[in-house]
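Single-letter residue listing:
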Amino acid sequence: MAKKQDNTIRWDTFSEGLWRENPVFVMLLGMCPVLAVTNSAINALAMGVATTFVLLASGTLISLLRHSIPKQVRIATYIVIIATFVTIVDYAIQAISLDLYNALGAFIQLIVANCMILGRAEAYSSRNPPLKSIVNATGMGLGFTLALLCLGVVREILGAGSLFGIDLFGPRFEPWVVMVLPAGGFLVLGAWLLLFEWFKQRKSETELDPATES
Amino acid sequence: MSTPEAQVVQPSTPAGPMIRTLMGIAMLSGFLVVLTYQLTKPIIAENQRRAIEAAVFQVIPGAVSRRDFLVTESGVVAVTEDTPKEGTLVYAGYDQQGKLKGVAAKAGAQGYADMIHLLYGYDPICQCIRGIKVLKLAETPGLGDKIITDANFVANFDALEAKLNASGESLANEIVTVKHGTKKHPWEIDAISGATISAKAVGKALNQSAKHLLPRLMPGIDELSKTPPQTNEAEPENGADL
């Protein structure tokens, strides 16, 4: 990327957010909502969709305006743009379902402070044309949602014995309450990271020569 | 990642473009927020109205229609368009025959994260609270929100005593939240282990509201029974689509 920028959109542009640069499992960005609202699958899904929308909308706008934003005020501009879309999402969720709005609590407004969104704005949207940014942001958003779901599903099954509110094990199941508590978030996240690392290592071991580092 | 060339020191930008950019973005942002606010306002208001309505019928068992009253220092008045907005708003619930089934009122207290707002239904015949419904809370998901989901906790409000004392000026027994498993009296609320602060907040909210409201409401309770309910029970469900 040192000389002329490569503006072609490849499968990679989309898929890096899903796997290779997954915002949660690889880059460890936006941990606050990841740990806080993933105590049930539906909360995780709603949070993921809301974040994806903000990521997509702010990424598009920032990419469109990238030549006209002076470097000195870029962070302020990005934050204003992100905050605008978060406010829109906030109203939209209130209009769609008050119950969902209550379940997500303050974490909708806190999307503003999600470092993944600002990070992508700074590292990607501000340097790439709109279409490429949109494709990449979609991938990143999906990767983020998927990661949230990974946590939400496991925590809901273990911690409440249900999935998307549907009871799985019947009344005799003793829920593993710690899983829906904050500590459970850390435990499940740790387990997923372990799994991801293991996969990555195994892949690099089989693909490359034995001499692999990192 | 790459080391971008863009970050190489540039000649300093004059203030003009910076101010223009920030102003432009701020105006665009303001426009978008106002637009969304205007578009969603009626839907959100309708959602909230419907939530209140559903909650009123939920906390007053057997109610099918409602009428709003204001409880003021001087007495109880029905809410019409020209009544002053002073006093406590209560919702009276009636059954099919137009008989008063109970009165719902709002209460609130500081919970763990933020204020917990709830609606409770008061039955003037048994002088007890028949049900609560949390309207708004920001408690920790999975912990504080057990005040909604915990069946044992909700069972506290099948008939929570809230009798006035002999002089009618205050409650005979204050509503208190007690440690889980130690509930002895009908005016005590059995807390939830793991969500004590939220459970206590519910007790505090109910106690404060009942203490303030009931001495003013009960003398005028006949006013509520006299007035026939509005015929607003079967409102068409107009789908609030976005």
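How each quantity is defined
- Residues numbered from 1 in each chain as written.
- Chains lettered and ligands numbered in written order.
- Predicted model: local features only at pLDDT ≥ 70, side-chain atom pairs only at ≥ 80, totals over all residues.
- Helix = DSSP H or I, 4+ residues; strand = E, 2+ residues; numbered from the N terminus.
- Buried ≥ 20, exposed ≤ 12 C-beta atoms within 10 Å, placed from the backbone.
- Contact = placed C-beta atoms within 7 Å.
- Axes fitted to C-alpha atoms, helices over the stretch in contact; angles between N-to-C directions.
- Parallel < 35°, antiparallel > 145°, perpendicular 65-115°, else oblique.
- Left-handed = near helix turned anticlockwise from the far one by under 90°.
- Nonpolar A, V, L, I, M, F, W, Y, C, P; charged D, E, K, R; others polar.
- pLDDT = per-residue confidence, 0-100.
- Core = buried A, V, L, I, M, F, W, Y, C linked by C-beta atoms within 7 Å.
- Pairing = 2+ DSSP bridges.
- Expected span 1.5 Å × (residues − 1).

A. Geometry of the overall build of chain B. What chain B contains, in helices and strands, is 5 helices and 9 strands. N-terminal to C-terminal, the α/β element order of chain B is α-β-β-β-β-β-β-α-α-β-β-β-α-α. Scored against the burial criterion, the 242 residues of chain B give a buried share of 33%. Considering only intrachain contacts with a sequence separation of at least 6, the fraction spanning at least 24 residues in chain B is 60%.

B. Looking closely at the environment of Ile75(A). Residues and elements named next belong to chain A. Structurally, Ile75 is set in helix H4 (residues 74–96). The class for Ile75 is partly exposed, based on 13 C-beta atoms found within 10 Å. For the pair Ile75 and Ala121, spaced 46 residues apart in the sequence, the C-alpha separation amounts to 9.1 Å.

C. Expanded view of the packing of helix H7 (residues 130–160) of chain A against helix H8 (residues 182–207) of chain A. Residues and elements named next belong to chain A. Remark: H7 packs on H8, axes separated minimally by 10 Å, with the N-to-C direction vectors making an angle of 125 degrees. One way to sum up the angle between H7 and H8 is to call them oblique. Both H7 and H8 take part in a crossing whose hand is right-handed. Between H7, through Cys150, Leu151, Val154, Arg155 and Gly159, and H8, the contact on the second element is made entirely by Gly184, Gly185, Val188, Leu189 and Trp192.

D. Representation of the interface of chain B and chain A in the model. Every contact between the two is made by 29 residues of chain B and, on the other side, 31 residues of chain A. When residues in the side of chain B that touches chain A are grouped by element, the largest group, 17 residues, is from helix H1 (residues 15–59) of chain B. Grouping the constituent residues of the side of chain B that touches chain A by class yields 18 nonpolar, 10 polar and 1 charged.

E. Local environment of the confidence of the model for chain A. For chain A, the mean per-residue pLDDT works out to 85, and 94% of the residues sit at or above 70. The spread of mean pLDDT over the elements of chain A runs between helix H5 (residues 98–104) of chain A, the lowest at 81, and H4(A), the highest at 92.

F. Fine view of unusual backbone geometry. At Leu28(A), a residue that is not glycine, the phi angle is positive and equals roughly 55 degrees. On the basis of neighbour count, Leu28(A) is assigned to the partly exposed category, with 14 C-beta atoms found within 10 Å. Of note in the backbone geometry, Gln127(B) takes a positive phi value of approximately 50 degrees without being a glycine. The topology assignment puts Gln127(B) in the loop between strand E5 (115–123) and strand E6 (128–136).

G. The arrangement of the nonpolar core in detail. Counting 53 residues, the largest nonpolar core has Val54(A) and Leu151(A) as the members making the most contacts within it. Put simply, the parts of the chain that give this core at least two residues each are helix H3 (41–64), H4, H5, helix H6 (115–123), H7 and H8 of chain A together with H1 of chain B. Within the second largest apolar cluster, 48 residues are counted, among which are Val59(B), Ile60(B), Tyr91(B) and Ile189(B).

H. Quick look at the packing of H4(A) against H1(B). It is the contact of H4(A) with H1(B), at a shortest axis distance of 8 Å, that shows an interaxial angle of 5 degrees. When the interaxial angle is binned, H4(A) and H1(B) end up roughly parallel. Residue composition of the contact of H4(A) with H1(B), grouped by class: 15 nonpolar, 9 polar and no charged.

I. Up close: the pairing of strand E3 (residues 88–94) of chain B. Residues and elements named next belong to chain B. Most of E3 is tucked away: 5 of the 7 residues are buried. In terms of strand pairing, strand E1 (residues 65–72) meets E3 through 7 bridges, oriented antiparallel. Along E3, the bridge assignment pairs Val71 with Thr88. Both E3 and strand E4 (residues 100–110) contribute to a ladder of 5 bridges, which runs antiparallel. Bridge pairing in E4 links Val90 to Ala105. Linking two consecutive strands that pair antiparallel, namely E3 and E4, is a turn of 5 residues; a positive phi of about 80 degrees is found at Gly98 within it.

J. Spatial organisation of H3(A). Between its first and last C-alpha atoms H3(A) spans 34 Å; for 24 residues at 1.5 Å apiece the expected length is 34 Å, and the two agree. Counting buried positions along H3(A) yields 18 of 24 residues, so the element is predominantly enclosed.

K. The arrangement of the sheet that holds E4(B) in detail. Residues and elements named next belong to chain B. In spatial order, the strands read E2-E1-E3-E4-E5-E6-E7; together these 7 strands make up an open sheet with antiparallel pairing. Every interior strand has two partners, whereas the edge strands, strand E2 (75–78) and strand E7 (160–161), have only one. Direction of pairing for E5 relative to E6: antiparallel, over a ladder of 7 bridges. Considered in E6, the bridge of Tyr120 is made with Ile132. Sheet strands touched by H1: E1, E3, E4, E5 and E6. Its angle to E6, the strand with the most contacts, is close to 155 degrees. Running over the sheet, helix H4 (residues 196–217) touches E1, E2, E3, E4, E5 and E6 and is turned about 130 degrees from E4.

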